[in-house]
Amino acid sequence: MAKSKVLVVGGTGYIGRRIVRASLAEGHITYVLQRRELGFDIDKLQMLLSFKNQGARLIEGSFSDHQSLVDAVKQVDVVICTMSGVHFRSHNILLQLKLVDAIKQAGNIKRFLPSEFGTDPARMGHALEPGRVTFDEKMTVRRAIEDAKIPYTYVVANCFAGYFAANLSQTETLLPPKEKLNIYGDGNVKVVYMDEDDVGLYTIKTIDDPRTLNKTLNIRPPENILSQRELVEKWEKLSGKELQKISISEKDWIASMKGLDLAGQVGVTHFYHFFYEGCLTNFEIGEEGEEASKLYPDVKYTRMDEYLKLYL
């Protein structure tokens, strides 16, 4: 069977660039949307040109020009959107509704993967304000996709290692702390840490797989289901240094939102759901979903002790 042609929207972003590379490596004809609003962003332009040099095809389009999106979509079989949904960068989740309209009009897309790649929003109807806006907006996009009868796969990738593992799940740094760190509650709630390159590969693996059609792909490989304490223990073993651990109660963590800007408050609520409530692992994957490492056992996913070695 011929491999699907892929369009990546948001290909210069944090996860998008990895999906572009994985798509090329897996032998897909890969298009990357080059937005007309690029302006003088030389870093994005050079990344786009590097993709072109690796074999990707750049296609111009704009979210302010509906027909340009339709024309871009018509070139491919699969659309993957990776637009940012985090508040400390840019927050563009609902902009995808324009892409949904374009896909609906084009009528040729075999699979659409919207910008998810975090927590499953279908399980977050109880989420705290103000962080719940992320989940609510993703559910708005999901409803639009399903109402338009567009074939889909939703990718739930849990915690990106670059933001959650390297810093031992701290909020003030991206690097491992040197002396002390915060532990959320007792530190024993299980979360899922994922190397971002592995997320890109699992995502591309799913696009031609009938087992994931109109389902949620949960990227939850067993050896990366770890508590915060287990992650810290791995780092202490690698570094040879024991860190001072400061336990923060659930009540004190929620109270820490006071005085923070919106992005900070969103972060606190998301950390609450991950590290106190255990929303990433406190459920069994049902008929509506599949687990990536079971579907694709050939993928040699990165374990966190191996990942952390980079930071020694």
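Keep in mind the model is a prediction, meaning the values are calculated, not measured.

A. Broad picture of the sheet that holds strand β3 (residues 57–61). Spatial strand order, β3-β2-β1-β4-β5: 5 strands in an open sheet with parallel pairing. What marks the edges here is a single partner per strand, and that holds for β3 and β5 (111–113). Each strand of the sheet is rotated relative to its neighbour by a mean of 25 degrees, with strand direction disregarded. Both strand β4 (residues 78–81) and β5 contribute to a ladder of 3 bridges, which runs parallel. Looking across to β5, one finds that V79 is bridged to F112.

B. Up close: the environment of S247. Looking at the secondary structure, you find S247 in strand β12 (residues 244–248). Sequence spacing of S247 and D195 is 52 residues, and the spatial spacing of their C-alpha atoms is 26 Å. With residues up to four places along the chain from it excluded, the contact list for S247 reads I183 and G185. Within polar-contact distance, the side chain of S247 engages the backbone oxygen of G185 at 2.6 Å.

C. Region of the structure containing the layout of surface pockets. Put simply, the second largest pocket is a space of about 160 Å³. Forming the walls of the second largest pocket are R220, P222, I225, E284, I285, E290, E291, S293, K294 and L295. Where the lining of the second largest pocket is concerned, the elements lending two or more residues are β13 (289–291) and α11 (292–295). No other element matches the 3 residues that α11 contributes to the lining of the second largest pocket.

D. Summary view of the pattern of salt bridges. Following the criterion strictly, the structure yields 19 salt bridges and no others. Residues R142 and D120 are paired through a salt bridge, measuring 3.1 Å at the closest nitrogen-oxygen approach. With R142 in helix α5 (residues 132–147) and D120 in the loop between β5 and α5, this residue pair connects regions lying 22 residues apart in the sequence. With respect to burial, R142 and D120 carry one shared label: buried.

E. Geometry of the nonpolar core. Ranked by internal contacts, the top residues of the largest apolar core, which has 34 residues, are I80, F117, V199, Y202 and I219. Among the secondary structure elements, those contributing two or more residues to this core are β1 (6–9), α1 (16–25), α2 (42–53), β4, β9 (190–194), α7 (196–206) and α11. For this core, the element with the highest residue contribution is α1, accounting for 4 residues. Beyond its immediate sequence surroundings of up to four residues, Y202 is in contact with M194, L217, I219, A292, S293, Y296, V299 and Y301. L168, L181, Y193 and M304 belong to the second largest nonpolar core, which has 33 residues in total.

F. Quick peek at the packing of aromatic side chains. Under the definition given, this model contains 15 aromatic pairs. With a centroid separation of 5.2 Å and an interplanar angle of 40 degrees, the aromatic rings of F271 and F275 are classed as tilted. Taken as a pair, F271 and F275 lie in helix α10 (residues 262–277) at a separation of 4 residues, close to a single helical turn. Overall, the relative accessible area of 2% leaves F275 in the buried class. Judged by centre distance (6.4 Å) and plane angle (70 degrees), the ring pair of F274 and F275 falls under edge-to-face. The exposure class assigned to F274 is buried, which follows from its relative accessible area of 6%.

G. The state of the cysteines, seen in detail. Considering all chains together, one arrives at 0 disulfides under this definition. Free cysteine C159: the closest other cysteine sulfur is in C279, separated by 8.1 Å.

H. Empty space enclosed by the protein, seen in detail. A full pass over the atoms with the stated rule returns 1 cavity of 30 Å³ or more. Approximately 40 Å³ is the volume found for the largest cavity. Taken together, the residues of the lining of the largest cavity sort by class into 5 nonpolar, 2 polar and 2 charged.

I. Up close: the packing of helix α3 (residues 66–73) against helix α4 (residues 96–106). Their axes nearest at 8 Å, the elements α3 and α4 cross at an angle of 55 degrees. In terms of their interaxial angle, α3 and α4 are classed as oblique. As for the relative orientation of α3 and α4, their crossing is right-handed in sense. Residue-level contacts link H66, Q67, L69, V70 and V73 of α3 to K98, L99, D101, A102, I103, Q105 and A106 of α4. By residue class, the composition of the contact of α3 with α4 is 7 nonpolar, 3 polar and 2 charged.

Rules used throughout
Residues numbered from 1 in each chain as written. Predicted model: local features only at pLDDT ≥ 70, side-chain atom pairs only at ≥ 80, totals over all residues. Heavy atoms only, no water. Pairing = 2+ DSSP bridges. Helix = DSSP H or I, 4+ residues; strand = E, 2+ residues; numbered from the N terminus. Axes fitted to C-alpha atoms, helices over the stretch in contact; angles between N-to-C directions. Contact = heavy atoms within 4.5 Å. Polar contact = N/O pair within 3.5 Å; in protein donor to acceptor, adjacent residues only side chain to side chain. 1 Å grid on protein atoms, 1.4 Å probe; cavity = no way out; pocket = protein on both sides within 12 Å on 5 of 7 lines; lining within 4 Å. Points joined across faces, edges and corners; volume = space filled by probe spheres on them. Salt bridge = Lys/Arg side-chain N within 4 Å of Asp/Glu carboxyl O. Buried < 20%, exposed > 50% of the residue type's maximum accessible area, 1.4 Å probe, protein only. Core = buried A, V, L, I, M, F, W, Y, C linked by side-chain atoms within 4.5 Å. Phe/Tyr/Trp six-rings, centres within 6.5 Å; stacked < 30°, edge-to-face > 60°. Disulfide = S-S within 2.5 Å. Nonpolar A, V, L, I, M, F, W, Y, C, P; charged D, E, K, R; others polar. Parallel < 35°, antiparallel > 145°, perpendicular 65-115°, else oblique. Left-handed = near helix turned anticlockwise from the far one by under 90°.

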